[in-house]
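Chains, contacts and geometry: an overview
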Amino acid sequence: MQHTPDNTGSSIPPGTVCLEDYQRHAQKILPHDVYEYLASGCADDLTLARNRSAFDELNIHPRILTDCSNGNTSCRLLGQRMRHPILLGPVAHQALIHDEAELATAEAASLMEACMVASTLSSVPMESIAAKLPGQKWFQLYFHRDRDFTLELVRRAEAAGFNALVVTVDAPVNGARNRIQRAGFSLPPSVVEANLLDQPAAVQQSLSTGQSVIFQGLMSEAPTWRDIQWLRGHTSMPILVKGVMHPADATKCIAEGLQGVVVSNHGGRCLDTVPASIEMVASIRAAVGEEFPVLLDGGVRRGTDVFKALALGADAVLIGRPQAFALAVAGALGVAHMVKLLRDELEICMALSGCPTLDTIGPSALSGHR
């Protein structure tokens, strides 16, 4: 099935009071194959489900009679002040779900003072996205098989004024995305990857009998630590690695001179039965120390989830799927409302837990943690 959005949604449906409401509305208005592309994980969706259930198993341990009259949600990341610790994570191909695509998301980010992480695979050029983002803006980078073209993307991001690079490294091959296969989804020709229109022609690789399409094929072009070293030598932009799920990889990022990590299992879309992202935050924080930036991606649906991530050691969270569902339902207004819901819920949680500022949220705010 091929789909070009005919929606220019700009109104929030009555009764939309939480992020799950947006997903429920989006399922009704999006074609089945597009919804499955957005909502599914891989294989049996066990990690996708675990990303949520692991949050639900954490209990907040509130304190009373704390003066929260001067509370706020401001934080600093990479030396820059942010209004709140809720970032819009990279979501590819947004023209699938709304006519204005990433431009609507950027408008929402600007309205809500949220840092947006623009995807390499965006439907509109990175320069157009950056022009709508007067505040913090980061660029998510996939390494291209042609490293010269990769460097062109980096140079364009620098020129457009992006403040950091978020290098996704956990998806050199796609997972077994069975729900997408069953739905028959394929990217329609009308939805382009605008940043890649001038990419070099693909090199046809011939594999002899007995060679693996995965190992000698796709993985032969996948980035390694050598490529991270190469990238560091070609840009002064801060670099964060997205897809870190092991403390040893996080400490390796420090040794390589990087500026942060995003704890992420790619939304459960790459390898099933890996831990939930939230389950790895505490051990990664312990490995890297207190000062190194650690962000979490995956499973955040409530302000209480943001609170729990911060309590276990994250500095901020990235929002993926809910961003797409809100965009599909109500465009820029929907995405802005989605961020506001999370921020309001976070403030309520902080006030009722006796944590007036983000730096007062620690492990002791959760039952069974110290």
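Predicted, not measured: the structure shown is a model, and the values here were computed from it. (Residues numbered from 1 in each chain as written. Predicted model: local features only at pLDDT ≥ 70, side-chain atom pairs only at ≥ 80, totals over all residues. Heavy atoms only, no water.)

Across its full length, the chain holds 13 helices and 10 strands. Relative to the 2.2 N^0.38 estimate, which gives 21 Å for 370 residues, the radius of gyration of the chain is 20 Å and therefore close to what a compact globule would have. In terms of overall dimensions, the chain has a C-alpha envelope of 70 × 50 × 40 Å along the principal axes. When each of the 370 residues of the chain is scored for burial, the buried share is 55%. Within the chain, counting contacts between residues at least 6 apart in sequence, those at least 24 apart form 74% of the total. As displayed, the chain offers around 16000 Å² of accessible surface, 52% of which is attributable to carbon and sulfur atoms. Looking at charge distribution, the chain has the averaged site of its 30 positive side-chain charges lying 3 Å from that of its 38 negative ones. (Helix = DSSP H or I, 4+ residues; strand = E, 2+ residues; numbered from the N terminus. Rg over C-alpha atoms; globule rule 2.2 N^0.38 Å. Buried < 20%, exposed > 50% of the residue type's maximum accessible area, 1.4 Å probe, protein only. Contact = heavy atoms within 4.5 Å. Areas by Shrake-Rupley, 256 points an atom, 1.4 Å probe, with all protein chains shown as cover. Lys, Arg positive; Asp, Glu negative; His and termini not counted. Charge placed at Lys NZ, Arg CZ, Asp CG, Glu CD.)

Neither face of strand E10 (residues 316-319) is exposed, since Ala316 and Leu318 on one face and Val317 and Ile319 on the opposite face are all buried. Handedness of the strand E9 (residues 294-297)-helix H12 (residues 303-311)-E10 crossover: right-handed. (Right-handed = clockwise from strand over helix to strand, strands pointing away.)

This part covers the nonpolar core. Membership of the largest hydrophobic core comes to 116 residues, with the highest contact counts inside it found for Trp138, Ile278 and Met338. With 17 residues, helix H13 (residues 321-353) is the largest single contributor of residues to this core. Excluding its chain neighbours within four sequence positions, the residues that come into contact with Met338 are Leu19, Tyr22, Leu88, Ile319, Pro322, Gln323 and Ala326. (Core = buried A, V, L, I, M, F, W, Y, C linked by side-chain atoms within 4.5 Å.)

What follows deals with the packing of aromatic side chains. A complete count under the given rule lists four aromatic pairs for this structure. Consider the rings of Phe139 and Phe162, whose centres lie 5.7 Å apart with planes at 55°: the pair is tilted. One end of the pair, Phe139, is in strand E5 (residues 137-141); the other, Phe162, is in the loop between helix H6 (147-160) and strand E6 (164-168), and 23 residues separate them in sequence. By relative accessible area, which is 5% here, Phe162 ends up buried. Measuring from ring centre to ring centre gives 6.3 Å for Phe143 and Trp230, while their planes differ by 50°; the resulting arrangement is tilted. Here Phe143, found in the loop between E5 and H6, pairs with Trp230, found in helix H9 (residues 225-232); they are 87 residues apart in sequence, far enough to count as distant. Judged by relative accessible area, which is 12%, Phe143 ranks as buried. One cation-aromatic arrangement involves Lys252 over Trp225; the distance from NZ or CZ to the ring centre is 5.5 Å. (Phe/Tyr/Trp six-rings, centres within 6.5 Å; stacked < 30°, edge-to-face > 60°. Lys NZ or Arg CZ within 6 Å of the ring centre and 35° of its normal.)

With that settled, the discussion passes to the confidence of the model for the chain. Considering every residue of the chain, the mean pLDDT works out to 92; 92% of them sit at 70 or more. Predicted confidence for residues 203-209 stays below pLDDT 50, and this span has nine contacts to residues more than four positions away or in other chains. The low-confidence segment residues 211-219, where pLDDT is below 50, has 17 contacts with residues more than four positions distant or belonging to other chains. (pLDDT = per-residue confidence, 0-100.)

All right, on to the environment of Gly362 then. Residue position: Gly362 is located in the segment after H13. Put simply, Gly362 and Gly313 are 49 residues apart on the chain and 7.3 Å apart in space, counted from C-alpha to C-alpha.

H13 packs onto helix H1 (residues 19-29) with a crossing angle of 175° between their chain directions and a minimal axis gap of 10 Å. As summarised for this structure, H1 and H13 are arranged roughly antiparallel, according to the angle between their axes. Mapping the contact onto sequence places Leu19, Tyr22, Gln23, His25, Ala26 and Ile29 in H1 and Pro322, Phe325, Ala326, Ala328, Val329, Gly334, His337, Met338, Leu341 and Leu342 in H13. (Axes fitted to C-alpha atoms, helices over the stretch in contact; angles between N-to-C directions. Parallel < 35°, antiparallel > 145°, perpendicular 65-115°, else oblique.)

Once that is clear, we can look at the pattern of salt bridges. A full pass over the atoms with the stated rule returns 16 salt bridges. Here Asp297 ties to Lys242 by a salt bridge, and the two come within 3.7 Å at their closest N and O atoms. Residue Asp297 is located in strand E9, and its partner Lys242 is located in strand E7 (residues 239-244); the two are separated by 55 residues in the primary sequence. Here Asp297 falls in the buried class, since its relative accessible area comes to 10%. Lys242 gets classed as buried once you look at its relative accessible area, which sits at 6%. One continuous salt-bridge network, built from bridges that share partners, spans Glu36, Asp45 and Arg179. (Salt bridge = Lys/Arg side-chain N within 4 Å of Asp/Glu carboxyl O.)

Let's shift gears to the side chain of Ser122. In this structure, Ser122 sits in the loop between strand E4 (116-118) and helix H5 (126-131). There is a polar contact of 2.7 Å between the side chain of Ser122 and the backbone oxygen of Val124. Looking at Ser122, its side chain comes within polar contact range of the side chain of Asn195, at 3.1 Å. Ignoring anything within four residues of it in the chain, the contact list for Ser122 reads His93, Glu102, Ile129, Val192, Glu193, Ala194 and Asn195. (Polar contact = N/O pair within 3.5 Å; in protein donor to acceptor, adjacent residues only side chain to side chain.)

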